[in-house]
Amino acid sequence: MEKNLTSGSVFRNIMLFSLPYLLSYFLQTLYGMADLFIIGQFEGVAGTTAVSIGSQVMHVLTVVLVGLAMGSTVSVGQSVGAGDKRQSSLNIGNTVTLFMSLSLVLTAVLLLLVRQIISVMSTPPEAVAGTADYLTICFIGIPFVTAYNIISSIFRGLGDSKSPMYFIAVACAANIVLDYLFIGALKMGPSGAALGTTLSQAISVAVALAVIRRHGKNGISLRGSDMRPQKAVMGQLLKIGVPVALQDGIIQVSFIVITIIANRRGLTDAAAVGIVEKIISFLFLVPSSMLSTVSALGAQNIGAGKPGRAVLTLRYAIFIASGFGLIISILIQFVSEPVVGLFTDDLAVMVSGGKYLRGYIWDSLFAGVQFCFSGYFCACGRSGLSFMHNFLSTVFVRIPGAYMTSMLFPHTLFPMGLASSAGSLVSVIICVIAFSVLTHRDRALLQGG
């Protein structure tokens, strides 16, 4: 149901919006981790590595799509805040047209590039066949991945974070059942993991469309004309979404580079990095939920002409995200190996992954803060700032830092983990400076007016 978030307690609105999103993201992360966890029970290191590499490629693609869909979340949120239902319908219709066209193009292109992607990832020879099978099946399912994410982005722009939670819960349950069927019972290995993922996404989308059609969920009422591309609407969606997609893409490229570096160190480090990346994605639940919350709530309040509430939303979100990040970073220092051991019984992988996780985990603190700022910048229609701070930190800190630490410390992954954390710390510094400049400029304009 469409929900106006421009009145009442800001903190209460944050909690009411973010908790369903948090659970939704938890389920989506569990959904992604299920493949790795289950295949680790039935396959060796080669199978685990194939799924970890393949799922990381798919994660990059999903993150970029979600970033691009931020344009829809913000545009719909601003029109809802302004009470303009006609503009909301146009934003939603153009979003559907844009993303479904894009998904078909991506499917065709990526299916042609499977072998090249495997080569670029420096996939260990033992895992090449499994990775190829995994990626081929997942690429075929790209339209379903796209459909789920645009449906979720639209609902969140409307102020509804509960419906996406229900849809991903369906996908998560289906994925676990199908993984045990295909990987465990039918012994299909990485192909079974990919098939389970693809089919569960299709089931989730089918459920979402059935709910929308039967109940008119969230007041969505589209006409054929709403789906015809309109220059102004498309321009707004892309103006906000493209910088966020590029920003998220750059971050993921940095993770890919780290994976390539680890893959060249051998199968043990490759498996360790793949497992830790999944763990980190799980621990980023709160930071990621805060980014979406600040974007959606901030957009509605800015659309309603209440920028002060948007700033207050940012401050509360930073407090929540940084507090969580600090607690979890300290805790992981004592339990890193057992956490990695949940996904493998290989002692060497556990030790290597434990060291990497101890350094990497501090990213949950710094990334939490910069995620909140990114959400605020997007809500203001200044997503270019989000791109800028991530580009600078990635190009000048995260990637060179990972390469240098890999060369200087060939027997441990701990410094490579710290390199990612250092990149997010630089982003935080840039965000604070940018926010201060914007705040000072806005005050000067008001005084001048």
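It should be noted that the structure appears before, not after, this text.
Treat the numbers as computed from the prediction; the structure is a model and nothing was measured.

K.L.:
It is not clear to me how the overall build of the protein should be interpreted in this structure. Could you clarify?
P.N.:
Per the secondary structure count, the protein includes 16 helices and zero strands. For 449 residues, the compact-globule formula gives about 22 Å, and the C-alpha radius of gyration of the protein, at 21 Å, lands near that figure. If you line up the protein on its principal axes, its C-alpha atoms span 65 × 45 × 35 Å. Buried positions account for 58% of the 449 residues belonging to the protein. For the protein, the proportion of contacts with a sequence separation of at least 24, taken over those separated by at least 6, is 83%. If you sum the accessible surface of the protein, you get close to 17700 Å²; carbon and sulfur atoms cover 71% of it. Side chains of the protein carry 27 positive and 17 negative charges; the gap between the two charge centres is 14 Å.

K.L.:
Can you help me understand the nonpolar core in this one?
P.N.:
Note that soluble globular proteins tend to have their nonpolar side chains buried in a common cluster. One finds Phe139, Ile279, Tyr356 and Leu357 to be the most contacted residues of the largest nonpolar core, which totals 65 residues. With near-sequence residues (within four places) excluded, Phe139 lies in contact with Val57, Met58, Thr107, Leu110, Leu111, Val114 and Ile117. Membership of the second largest hydrophobic core comes to 24 residues, among which are Val10, Met290, Leu297 and Val428.

K.L.:
Even after reading the chapter, I still don't get the environment of Ile327, so can you show me in this structure?
P.N.:
Its place among the elements puts Ile327 in helix α12 (residues 307–340). The spatial distance from the C-alpha of Ile327 to the C-alpha of Leu365 is 8.7 Å, given a sequence separation of 38 residues.

K.L.:
I'm lost on a nonpolar patch on the surface in this one. Help?
P.N.:
A grouping of Met388, Phe391, Leu392, Val395 and Phe396 is seen on the molecular surface, where their side chains present a nonpolar patch of about 420 Å² in accessible area. Here Leu392 is to be found in helix α15 (residues 383–408). Residue classification places Leu392 among the partly exposed positions, given a relative accessible area of 31%.

K.L.:
Quick question: what am I supposed to make of helix α2 (residues 45–81) here?
P.N.:
Residues separated by three or four positions in an α-helix point in the same direction, a consequence of the helix having 3.6 residues per turn. For α2, which comprises 37 residues, the first-to-last C-alpha distance of 51 Å matches the rise-based estimate of 54 Å (1.5 Å per residue) to within 8%. Of all the bends in α2, the greatest, near 30°, is centred on Ala69. Burial analysis of α2 places 32 of its 37 residues in the buried class, which makes it a mostly covered element. Just beyond α2, the residue with positive phi is Gly83, at close to 75°.

K.L.:
Explain the state of the cysteines here, please?
P.N.:
Put plainly, a disulfide is one covalent bond tying together the sulfur atoms of two cysteines. Under the criterion given, the structure shown has zero disulfides. Sulfur of Cys372: no disulfide; nearest cysteine sulfur belongs to Cys431 and is 9.9 Å away.

K.L.:
Help me understand the environment of Lys162 in this model?
P.N.:
Residue placement: Lys162 occurs in helix α7 (residues 162–185). The spacing of Lys162 and Ser322 is 160 residues in sequence and 24 Å in space, taken between C-alpha atoms.

K.L.:
It is not clear to me how the packing of aromatic side chains should be interpreted in this structure. Could you clarify?
P.N.:
Geometrically, a pair of aromatic rings is defined through the distance of the ring centres and the angle of the planes. Tallied over the entire structure, the rule returns nine aromatic pairs. Members of the aromatic cluster, joined through ring pairs, are Phe373, Tyr376, Phe377 and Phe435.

K.L.:
Quick question: what am I supposed to make of the pattern of salt bridges here?
P.N.:
Two side chains carrying opposite charge are able to pair once their charged atoms lie near each other. Scanning all chains against the criterion turns up one salt bridge. One salt bridge in this structure joins Glu337 and Arg358, with 2.7 Å as the shortest N-O distance. Taken together, the positions of Glu337 in helix α12 and Arg358 in helix α13 (residues 347–360) put the pair 21 residues apart, joining distant regions of the chain.

K.L.:
I'm lost on helix α9 (residues 231–263) in this one. Help?
P.N.:
Under the 1.5 Å per step criterion, the end-to-end length of α9 is 44 Å for 33 residues, consistent within 8% with the ideal 48 Å. Remark: the principal bend of α9, roughly 30°, maps to Gly241, with a proline, Pro243, within the next four residues.

K.L.:
Looking at this model, I keep getting lost on the packing of α2 against helix α3 (residues 85–112). Mind explaining?
P.N.:
For any two helices packed against each other, one specifies the crossing angle of their axes together with the interaxial distance. Here α2 crosses α3 at 170°, and the two axes come no closer than 9 Å. Taken together, the axis directions place α2 and α3 in an arrangement best described as roughly antiparallel. Note on element contacts: α3 touches α2 through Gln87, Ser88, Asn91, Ile92, Thr95, Phe99, Leu102, Leu106 and Leu110, opposite Leu61, Leu65, Leu68, Ala69, Ser72, Ser75, Val76, Ser79 and Val80. Class assignment for the residues of the contact of α2 with α3 results in eleven nonpolar, seven polar and no charged.

K.L.:
What is the right way to read the packing of helix α11 (residues 285–303) against α12 from this model?
P.N.:
Where α11 meets α12, the axes come as close as 8 Å, and the angle between the chain directions of the two elements is 175°. In terms of their interaxial angle, α11 and α12 are classed as roughly antiparallel. Where α11 approaches α12, its residues Val286, Pro287, Met290, Val294, Leu297, Gly298, Asn301 and Ile302 are matched on the opposing element by Pro307, Arg309, Ala310, Thr313, Leu314, Ala317, Ile320, Ala321 and Phe324. Residues of the contact of α11 with α12, tallied by class, amount to 13 nonpolar, three polar and one charged.

What counts and what doesn't
Residues numbered from 1 in each chain as written. Predicted model: local features only at pLDDT ≥ 70, side-chain atom pairs only at ≥ 80, totals over all residues. Heavy atoms only, no water. Helix = DSSP H or I, 4+ residues; strand = E, 2+ residues; numbered from the N terminus. Rg over C-alpha atoms; globule rule 2.2 N^0.38 Å. Buried < 20%, exposed > 50% of the residue type's maximum accessible area, 1.4 Å probe, protein only. Contact = heavy atoms within 4.5 Å. Areas by Shrake-Rupley, 256 points an atom, 1.4 Å probe, with all protein chains shown as cover. Lys, Arg positive; Asp, Glu negative; His and termini not counted. Charge placed at Lys NZ, Arg CZ, Asp CG, Glu CD. Core = buried A, V, L, I, M, F, W, Y, C linked by side-chain atoms within 4.5 Å. Patch = residues over 30% accessible without salt bridge, like charges linked within 9 Å, V, L, I, M, F, W, Y side chains within 5 Å. Salt bridge = Lys/Arg side-chain N within 4 Å of Asp/Glu carboxyl O. Expected span 1.5 Å × (residues − 1). Bend = angle between axes of the 7 residues up to and from the residue. Disulfide = S-S within 2.5 Å. Phe/Tyr/Trp six-rings, centres within 6.5 Å; stacked < 30°, edge-to-face > 60°. Axes fitted to C-alpha atoms, helices over the stretch in contact; angles between N-to-C directions. Parallel < 35°, antiparallel > 145°, perpendicular 65-115°, else oblique. Nonpolar A, V, L, I, M, F, W, Y, C, P; charged D, E, K, R; others polar.

None of the figures reported here should be taken as evidence of function without further support.
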